[in-house]
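Residues per chain, in single letters:
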Amino acid sequence: MASSAEEVKRSIKTYMFVFGALAVLTVVTVAAASLKIGVAAGIALALLIASVKGTLVASYFMHLIHERTVLYWILGLCAVFFVAMILLPVMQTSETAHLMDPIYQATGETPPTHAPSPAHVAPAAGAHGGH
Amino acid sequence: MSTTATEVLPHTLTPHPVTGMYNGKFGLWLFLASEIMLFGALFSSYVLLRVHGAFPHHGEHSLSVKIGTINTMILITSSVTMVLAWAAFKLNEPGKGRMFLAATALLAIAFLVIKLTLEYQHKYHEGIRPDTSTFYAIYYCMTGLHGLHIVGGVIVIGYFLLPGFGMWKTNPEQYINRIECTGLYWHFVDLVWIFLFPVFYLL
Amino acid sequence: MSSDHGHHHEPGFIRKYLFSVDHKVIGVQYAVTSLVFLFIGFSLMMIMRWQLAYPSAPIPFIGGWLASAVQGVVDKTGTLLPEGYNALGAMHGTIMVFLGVVPLAVGGFGNYVMPLQIGAPDMAFPRLNMASYWVFLPGGIIMLASFFVPGGAANSGWTAYPPLSVTANVTGTNPFWNGQTMWLLGMIFLITSSLLGSVNFIVTIVHLRVKGLQLFRMPFFVWAQFVTAFLLLLAFPPLEAAGVMQLMDRVFDTSFFMPSGLVVSGQLQEYSGGGSPLLWQHLFWFLAHPEVYVLILPAIGIVGEVIANNTRKPLWGYRVLVYSIIFLGFMSFVVWAHHMFLTGMGTTLSTFFQTTTMIISVPSVVILTAFLLSLYGAAIRFTVPMLFAIAFLPMFAIGGLTGLPLGLSASDIHLHDTYYVIGHFHYVVAPGTIMALFAGIYYWFPKVTGRKMNDFLGKLHFWPTLIFMNAVFMPMFFVGLQGVSRRLWDQTSYVTGNETHNWVKMSSWGAWMLGLSQLPFIINFFYSAFAGKKVAANPWAATTLEWAAPSPPPHGNFPEVPVVYRGPYEYSVPGSRQDYSPQHVPDAKLA
């Protein structure tokens, strides 16, 4: 943590530089969204840019770059659980979901495995659930 | 361990040799770790609900990228003013510090007003509510929770700007620490938005 | 804390006993409140056990009173209704876990003992500590109040699985003031309280240790609280998020957890659909599995303290114990979906979680073995705390071992949602944790009150408790292996339920006898607090720092800030005159 007056004055320059970088990267994020690179690559790119922005905020605005490794370990631990929480549930596979598919029930043929289009497309008018 | 002011509890002001932080800062980082898990759970829910296949196709939702970008810039600016407020107090310039605190709060309020009127209210008039689809459900939930965090931040900043400003005179070192901790919280709220924006508006 | 807070005028009653920032007062507040909740939660179970043993028979003594006091639990003859059974069951679990055991183990024991054991004058954030308690209490009150709203209390299990929990108690009732919604609101209060507390614990343990108290000289109880605090800090937020989402599903008709095409009572539900009931389960168990380690870790810590003190030997393998408990805490975050083997989540996830679950059994065994080895060759003092601590060991062993067939997905197919599961987890929590908490109460009562609890009443409490705990829970393994489901209002309507009914009756009678067995404890507790034998600062001749403070400790805890010169369990050091060397006494001054 910067403690002397000169260090703080120098930090101000850093803050303004980071601010500029964040502004530029925001524009880049929006522009990147209109690139025709496919869904998966689009997601990866957007998250990458967001991660860079986040790292800048954390390192310089939150002074993380001046903190000790103890804090990095705690945040690292948190990151491990965060990743587990995001990645693991989605690894659900179902060996039996096809049994409920109407095509299978009618014909006995196993349908393709990718997710079908949603049964409910959101209507424009408000749909209030009944009790 | 030398102390700059009398501490009833050790390390209220002096950093601890192992962590390099005073109590409040360490506590706030731990709190932020739990907040990472909170928003992480919601991002995890987004991922599962989207993979589940019930979202409308991309481009079918009507979130305004323009408004989202403006709000992103507002929040990033408020992050800068927050850290500049801390820097000003560190350089013993309370007038400037208060000015930057006020700017942060005003930018935050602008963010909320834009969100509430141009986004939420507009959507409600179009009949798009949380129960319209799981996409809007998680959108309202996450941006709403994020908005509540901003409200909390504004209250804290307002406190240190007005009724709590007396601490600057009685215990400036602790006041600066409190501003630093407020800043950490504020930057985290900005950080969450940095991820919320592309996920909901762009992907 | 303001910096000029040197000495203070004597605060009034409200500041001293009600809104105190002193960790000892707050610890006692948590302990007393949670003991009341434990009593309530246990009483709910005693009512349920009547229906299980004598299906459709009116509840004796209190059936009439229940019929008039609470709606929807019993019918007008005083017989437990199915919805009432479900409500009592859901609330028994919720109250015991979130309002009873954890607040006692962490809020009570942790708050009171931990700062003393590290030589600190208080917690790092005393006002935050006070706030934690005063957020916990309204959460508990909301939970209890939910019994008295139309529709009654939450009745979808303490696990609150949707779609049932989203559709329950909704028809014809107020959208806000109904049981399940109040359960969710109550949980939000409790989670917030827990969060504030865990931050406090971690900062206190890292920052406020006195000079000489390096990490590997900390009492094992402090290590246990340290790991527990991390579990609470990082595992609770996903449940808070899930609770908010379920609230939105209930109140705003969102479909986070509501699948498409759901039919309830013959009616197609008009939600937007597309939600996932499994999402709730993932988020719930992401907390609830670390939560069960929150239930056991402080108990393990207490047992370690009591064993070291009453064997007059250092704990065997202190370092191994510390590494094991850290590893256990870490692993507890990645085993959660072993509660979901039968959800159809697929073999990829089942394999992963089965593997991590098998791995996590290792540190538990290491800890148990270290404790058993600590007994070997010792001149054991069979004090009342020691009786409970020794009994903990085989009870925890039974609980842990019966978890293994549940953690293997193949055998879990047969055992999931049967009484075997109930037997397993109750062995860990009831003859396990709760008996360890009793050990802690008998052990630290002299420090808190300056008086000892009566030994005869203590033994009169211990032996029947041990016997009847086993009478209640051991039969459940047999009942479960036969295939009897849990959460059944009338088991005898099934063939296997009929065949195992005698075991069920044994459990019920065991439960009522267990309740009676607590009377010596209740009498002892209150009597000794006012008229028990007065003792000095260190009646157990213990080595850890809390015994260096007066009994009870004053505000600020230690008249002189202690310095630590050695490890926490220096008992029977060769060459020393006394059989214990307290941590804070310099070598030259050892008697």
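Comments concerning the overall build of chain A
On a plain count of helices and strands, chain A comes out with four helices and zero strands. Seen in sequence order, chain A has helices and strands lined up from the N terminus as α-α-α-α. The long-range fraction of contacts in chain A, counting pairs at least 24 apart against all pairs at least 6 apart in sequence, stands at 42%.

A few points about the overall build of chain B
From N to C terminus, chain B includes six helices and zero strands. Beginning at the N terminus, the succession of helices and strands in chain B can be written as α-α-α-α-α-α. Taken along its principal axes, the extent of the C-alpha atoms in chain B is 60 × 35 × 20 Å. Considering chain B as a whole, with its 203 residues, one finds that 53% of them fall into the buried category. Within chain B, counting contacts between residues at least 6 apart in sequence, those at least 24 apart form 72% of the total.

Examining the confidence of the model for chain B
All names here are of chain B. With 93% of its residues at a pLDDT of at least 70, chain B reaches an overall mean of 91. For chain B, per-element mean pLDDT is lowest for helix α5 (residues 166-170), which scores 93, and highest for helix α4 (residues 134-161), which scores 96. Within the model, the stretch residues 1-5 combines pLDDT values under 50 with nine contacts to residues more than four positions away or in other chains. Predicted as a complex, the structure gets a pTM of 0.93 and an ipTM equal to 0.94.

Some thoughts on the interface of chain B and chain C
In this assembly, 36 residues from chain B lie in contact with 38 residues from chain C. Taken together, the elements giving at least two residues each to the side of chain B that touches chain C come down to α1 (23-51) and α4 of chain B. For the side of chain B that touches chain C, the element with the most residues is α1(B), which contributes 14 residues. Residues of the side of chain B that touches chain C, tallied by class, amount to 20 nonpolar, 14 polar and two charged.

Structural notes on the interface of chain A and chain B
Opposite the 47 residues of chain A that make contact, chain B presents 43 residues. With 12 residues, the top contributor of residues to the side of chain A that touches chain B is helix α1 (residues 5-33) of chain A. Looking at the side of chain A that touches chain B residue by residue, the class counts come to 35 nonpolar, nine polar and three charged.

Points about the nonpolar core
Counting residues in hydrophobic clusters, the biggest one holds 272 residues, and the most contacted among them are Ile202(C), Val303(C), Phe388(C) and Ala439(C). Considering each element in turn, this core owes the most residues, 22 residues, to helix α8 (residues 220-251) of chain C. Not counting residues up to four positions away in its chain, the partners in contact with Ile202(C) are Leu30(B), Phe226(C), Ala229(C), Phe230(C) and Leu233(C).

Quick notes on the packing of α1(A) against helix α2 (residues 39-61) of chain A
All names here are of chain A. One can describe the packing of α1 onto α2 by two numbers: an axis separation of 10 Å at closest approach and a directional angle of 170°. The pairing of α1 with α2 is recorded here as roughly antiparallel in orientation. In this structure, α1 contributes Thr14, Tyr15, Val18, Ala21, Leu22, Leu25, Val28, Thr29, Ala32 and Ala33 to the contact, and α2 contributes Gly42, Leu45, Ala46, Ile49, Ala50, Val52, Lys53, Leu56, Tyr60 and Phe61. Its residues assigned to classes, the contact of α1 with α2 comprises 16 nonpolar, three polar and one charged.

Some remarks on unusual backbone geometry
Of note, the bond from Pro162(C) into Pro163(C) is cis; its omega dihedral lies within 30 degrees of zero at 0°. Relative to the assigned elements, Pro163(C) resides in the loop between α5 (126-145) and α6 (164-167). At His63(A), a position not held by glycine, the phi torsion is positive, near 60°. A count of 19 C-beta atoms within 10 Å places His63(A) in the partly exposed class. Phi is positive for Ala541(C), which is not a glycine, with a value near 50°.

Some thoughts on the confidence of the model for chain A
Taken over all residues, the pLDDT of chain A has a mean of 80, while the share at 70 or more is 76%. Element-level pLDDT for chain A is lowest in helix α4 (residues 102-107) of chain A, with a mean of 73, against a maximum mean of 94 in α2(A).

Things to note about α2(A)
The terminal C-alpha atoms of α2(A) lie 32 Å apart, and with 23 residues this matches the ideal 33 Å at 1.5 Å per residue to within 8%. Turning to α2(A), its buried residues are Ala46(A), Ile49(A), Ala50(A), Lys53(A), Val57(A), Tyr60(A) and Phe61(A). Those residues of α2(A) hidden inside the fold are in contact with α1 of chain A together with α2 (65-90) and α6 (172-202) of chain B. One or two residues past the end of α2(A) sits His63(A), with phi positive at roughly 60°.

Re the packing of α1(B) against α4(B)
All names here are of chain B. It is the contact of α1 with α4, at a shortest axis distance of 10 Å, that shows an interaxial angle of 170°. Comparing the axis directions of α1 and α4 gives the class roughly antiparallel. Of α4, the residues touching α1 (which contributes Leu42, Ser45, Tyr46 and Leu49) are Thr134, Ile138, Cys141 and Met142. Of the residues that constitute the contact of α1 with α4, the class distribution is six nonpolar, two polar and no charged.

So, the environment of Leu64(A)
Tracing the sequence through the fold places Leu64(A) in the loop between α2 and α3 (69-87). Setting aside anything within four residues of it in sequence, one finds Leu64(A) in contact with Ala58(A) and Ser59(A).

Focus on the environment of Glu83(C)
Residues and elements named next belong to chain C. With respect to the secondary-structure elements, Glu83 resides in helix α4 (residues 82-117). Taking the C-beta count within 10 Å as the criterion, Glu83 has 17 such neighbours and is therefore assigned partly exposed. Distance in space between the C-alpha atoms of Glu83 and Ala153 is 9.5 Å, their sequence separation being 70 residues. Not counting residues up to four positions away in its chain, the partners in contact with Glu83 are Gly72, Gly152 and Asn155.

Some thoughts on helix α9 (residues 277-311) of chain C
Residues and elements named next belong to chain C. The end-to-end C-alpha distance of α9 is 51 Å, a good match for the 51 Å that 35 residues give at a rise of 1.5 Å each. Counting buried positions along α9 gives 33 out of 35 residues, so the element sits mostly inside the fold. One or two residues past the end of α9 sits Arg312, with phi positive at roughly 55°.

Conventions and cut-offs
Residues numbered from 1 in each chain as written. Chains lettered and ligands numbered in written order. Predicted model: local features only at pLDDT ≥ 70, side-chain atom pairs only at ≥ 80, totals over all residues. Helix = DSSP H or I, 4+ residues; strand = E, 2+ residues; numbered from the N terminus. Contact = placed C-beta atoms within 7 Å. Buried ≥ 20, exposed ≤ 12 C-beta atoms within 10 Å, placed from the backbone. pLDDT = per-residue confidence, 0-100. Nonpolar A, V, L, I, M, F, W, Y, C, P; charged D, E, K, R; others polar. Core = buried A, V, L, I, M, F, W, Y, C linked by C-beta atoms within 7 Å. Axes fitted to C-alpha atoms, helices over the stretch in contact; angles between N-to-C directions. Parallel < 35°, antiparallel > 145°, perpendicular 65-115°, else oblique. Expected span 1.5 Å × (residues − 1).

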